[in-house]
Amino acid sequence: MHILIVDDEELQRSLLKGFLQKQGFQVLSAANGADALQIFRHTPVELVLLDHRMPDMNGDELLARMKAQNPLVRAIMITAFATVDTAVKVMQLGADDFLEKPVDLTQLLQKIQEIQEQLFISNDVAIIADEIHTAQLPVRMIAESRAMKNVLSMVLRAAPTPWTVLLHGETGTGKELIARLLHLLSSHKNGPFIELNCAAIPENLFESELFGHEKGAFTGAEARRKGVFEQAHTGTLFLDEVGELPLPMQAKLLRALQDKTIMRVGSETPLAVDVRIVAATNRNLKDMVARGNFREDLYFRLNVIEIEIPPLRERKKDIHALVPFFLNTFNSTITFDDQALSQLTKYDYPGNIRELEHIIQRTITLARGQVISLRDLPEVVRHNAGHDRSGKLNQRLAQVERQMILDALDDHDWVQTKAAQSLGISERVLRYKMEKSGIAKNTGKG
Ligand SMILES: Nc1ncnc2c1ncn2[C@@H]1O[C@H](COP(=O)(O)OP(=O)(O)OP(=O)(O)O)[C@@H](O)[C@H]1O
Ligand SMILES: [Mg+2]
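Residues numbered from 1 in each chain as written. Chains lettered and ligands numbered in written order. Predicted model: local features only at pLDDT ≥ 70, side-chain atom pairs only at ≥ 80, totals over all residues. Heavy atoms only, no water.

Chemist: When you look at the pattern of salt bridges in this model, what are you seeing that I'm missing?
Modeler: In a structure, side chains of opposite charge can pair up when their charged atoms sit close to one another. Following the criterion strictly, the structure yields 23 salt bridges and no others. Taking the shortest distance from any N to any O, the salt bridge between Asp413 and Arg146 comes out at 3.8 Å. Residue Asp413 is found in the loop between helix 18 (393-411) and helix 19 (416-423), and its partner Arg146 is found in helix 7 (residues 146-158); the two are separated by 267 residues along the sequence. Assessed through its relative accessible area of 33%, Asp413 is described here as partly exposed. Owing to a relative accessible area of 14%, Arg146 belongs among the buried residues under this scheme. Here Arg402 and Glu314 are joined by a salt bridge, their closest N and O atoms 4.0 Å apart. Here Glu314 lies in the loop between strand 12 (305-308) and helix 14 (317-329) and Arg402 lies in helix 18, a separation of 88 residues in the sequence. Classification of Arg402 as partly exposed rests on a relative accessible area of 27%. (Salt bridge = Lys/Arg side-chain N within 4 Å of Asp/Glu carboxyl O. Helix = DSSP H or I, 4+ residues; strand = E, 2+ residues; numbered from the N terminus. Buried < 20%, exposed > 50% of the residue type's maximum accessible area, 1.4 Å probe, protein only.)

This is how it looks when you write it as C-alpha cells:
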C-alpha cells in the first residue's frame, strides 16, 4: 500500500514516515498541499494522512481535490484536538477516520490495518461477483441482479474476518437474511445467532437485556439471567435497528464492544465474551452523527465494513427470479402470465422483498384459476405501479427518467456504455443525468 503523508511540520513527517516504513509500507511525504497534489497525480496513492491545518491549503480542501481526482482514495485526517465538530466535518469531507495530535502510533497502525482490510475486501468484489452461485450458499436466496451479486461478494469477503459489519438498507430488503448468511459463513458459525432488536427494549431494562443480571439485582430480578452478549458467546450478535438506540444506551453498548467484557447487573465480576457483531439499520447513521443523535465513536466501531443493500426497485432483475422462488416456497403450482409479471416489475415496492412476498402470497390465496393475470393482482400493483401519480409534469418525467436509467444500468451490469446505448443517449449525457438524479456510479457495486 502506498501512503502519502502531508504535514508542514518536518519533525512530524519524518516520525510518521520512519514508523510506517518500518511496518513495510511504501511511504511518500509532502510539506504542503501543492507538493502533495503533484505527488498524488503521479503515484498510485491508496491512503493519505493529512494534517488538518496547514499554511497553504488546509486538509479539507486538499482532500476534496484529491477525491476529485480519485474518489476511491482513503484518508485519515490528523487534527490538533478532536472536537466533535471537526470529527463530523472530517467525515463529511470523505475522510475515513481521524486522529488527534500527538499521534498514537499503535492507534494509527490499527486504523491503517482496518482500511487495508476494507480495501482488500472491496477490490475483489467485482471479480467474485461473477462467480457466485446462490445454490451453494447456506441460506436460500435470490441474487440475479448485479447489485445483489455485489452485495453477496462483499458478504463472502467480510464473513470470515473478525470485523464488525454494518448493514444498511430500507425495510424488507433482506438485512436479517444477510446477517444470518454472514454468521453461517463465519468462523463463529457453530455458535448461536442471537438477535437483539434495539428499537424494542425499554430503557430501564437495557443493561439487563445486554449484560444479564444476578438474582436480586433489582426488584423483579428473581433469578440470574444471561444477557444477549453472554447468550451469543462464540457466535454472532445481530444488533437490529441499531439507529434507534437512545444516546445513553449507545454509551453502554460502546463500552462492551470496546472491552469485549461484560458485567452482569448486580455483579462485579467481568466476563470475557467472544462475539461477532453484525448491526443493521434503515437510517443514515452518518447524518445522525452529524445531528448529534448517534455517537460518533460507536458509529466508527460498528461501521468497519459497511454493506449497502439496495432497494428492490433498483434491482428489478431480481423480481423475475423472486416470483418463482416464492411460488416454490409456498408450494404453489399457480403461475403468473406475462402481463401480470410485467406489471409486477413496474411497481415500486416501498416494503421491498417482504412486500413482494406478501403480494404473491395474497394473490395466490385469492386466485380463481391456475394462471394469474393482470386483474388478479392487488389494487396497489395494478394502479399505482411505477411511480407516484401526483406532482408536476417535470417531476413525473424526472421520476420516469430516473427509473429508466436505473433499469438500463441494472440490465447491463452497470456498464455505462451499454446502458447509454440501450437508452439511445450518449455516455456523457447518461453520466450527466445520473448525477442530476442522484444515481451514484457505485449504487450497483454494493
Ligand atoms: N435475496 C432474497 N432472496 C429471497 N428472499 C429474500 C431475499 N432478501 C430478503 N428475502 C426475504 O424477504 C423477507 C424480508 O427480509 P428481512 O427480514 O431479512 O428484511 P429486513 O431488511 O431485515 O427488514 P426490516 O428492516 O423490516 O427488519 C424475508 O422473508 C426474507 O427471507
Ligand atoms: Mg429485519
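Chemist: Can you walk me through helix 16 (residues 352-366) in this structure?
Modeler: Residues that lie three or four places apart on an α-helix share one face, since the helix turns once every 3.6 residues. Over its 15 residues, helix 16 runs 21 Å from end to end, which matches the ideal 21 Å to within 8%, given 1.5 Å per residue. Here helix 16 has its buried residues at Asn352, Ile353, Glu355, Leu356, Ile359, Ile360, Thr363 and Ile364. In a view along the axis of helix 16, the buried residues occupy a sector of 160 degrees, so they form one face of it. Of the exposed residues in helix 16, those oriented more than 90 degrees away from the buried face are Thr365 and Leu366. (Expected span 1.5 Å × (residues − 1). Arc of directions from axis to C-beta.)

Chemist: What am I meant to see in the environment of Ala272 here?
Modeler: Structurally, Ala272 can be placed in strand 10 (residues 271-272). Taking the C-alpha atoms as reference points, Ala272 and Leu28, 244 residues apart in sequence, are found 41 Å from one another. Non-local contacts of Ala272, meaning those with residues more than four positions away in its chain, are made with His233, Lys260 and Thr261. (Contact = heavy atoms within 4.5 Å.)

Chemist: Would you explain the sheet that holds strand 5 (residues 97-100) in this entry?
Modeler: Within a sheet, neighbouring strands are paired by backbone hydrogen bonds and run either parallel or antiparallel to one another. Here five strands make up an open sheet; going across it, the order is 2-1-3-4-5 and the pairing parallel. Edge strands, defined here as strands with exactly one partner in the open sheet, are strand 2 (26-30) and strand 5. For this sheet, the mean angle separating the axes of adjacent strands, direction not counted, is 20 degrees. With five bridges joining them, strand 1 (residues 2-6) and strand 2 adopt parallel strand pairing. (Pairing = 2+ DSSP bridges. Axes fitted to C-alpha atoms, helices over the stretch in contact; angles between N-to-C directions.)

Chemist: Explain the site of ligand 1 to me, please; I cannot follow it from the model alone.
Modeler: As a structural note, the neighbourhood of ligand 1 is formed by 15 residues, with Ile142, Thr171, Gly172, Lys175 and Glu357 the closest of them. Ile142 has a polar backbone atom sitting 2.9 Å from a nitrogen atom of ligand 1. With respect to ligand 1, the backbone of Glu176 contributes an N or O atom lying 3.1 Å from an oxygen atom. Calculation on ligand 1 without its partners gives an accessible area of 640 Å², and the protein chains cover 84% of this total. With respect to the pocket detection grid, ligand 1 is positioned in the second largest pocket. The set of elements that each furnish at least two residues to the shell around ligand 1 consists of helix 8 (175-184), helix 14 and helix 16. Looking at the shell around ligand 1, its residues break down into six nonpolar, four polar and five charged. Inspection of the shell around ligand 1 shows a minimum of three residues originating in each of domain 2 (146-308) and domain 3 (312-383). (Near = heavy atom within 4 Å. Polar contact = N/O pair within 3.5 Å; in protein donor to acceptor, adjacent residues only side chain to side chain. Areas by Shrake-Rupley, 256 points an atom, 1.4 Å probe, with all protein chains shown as cover. 1 Å grid on protein atoms, 1.4 Å probe; cavity = no way out; pocket = protein on both sides within 12 Å on 5 of 7 lines; lining within 4 Å. Sits in = over half its atoms within 2 Å of the grid points. Nonpolar A, V, L, I, M, F, W, Y, C, P; charged D, E, K, R; others polar. Domains from an automatic or database assignment.)

Chemist: What's the story with the pairing of strand 3 (residues 47-51) in this structure? I'm lost.
Modeler: Walk down a regular strand and you will see the side chains alternate between the two sheet faces. Counting buried residues along strand 3, five of its five residues qualify, which places the element largely inside the surrounding structure. The side-chain alternation of strand 3 yields two buried faces, one formed by Leu47, Leu49 and Asp51 and the other by Val48 and Leu50. In this structure, strand 3 lies alongside strand 4 (residues 74-79), joined through five bridges in parallel fashion. Considered in strand 4, the bridge of Leu47 is made with Arg74. Remark: the strand 3/helix 3 (residues 59-69)/strand 4 crossover connection has right-handed handedness. (Right-handed = clockwise from strand over helix to strand, strands pointing away.)

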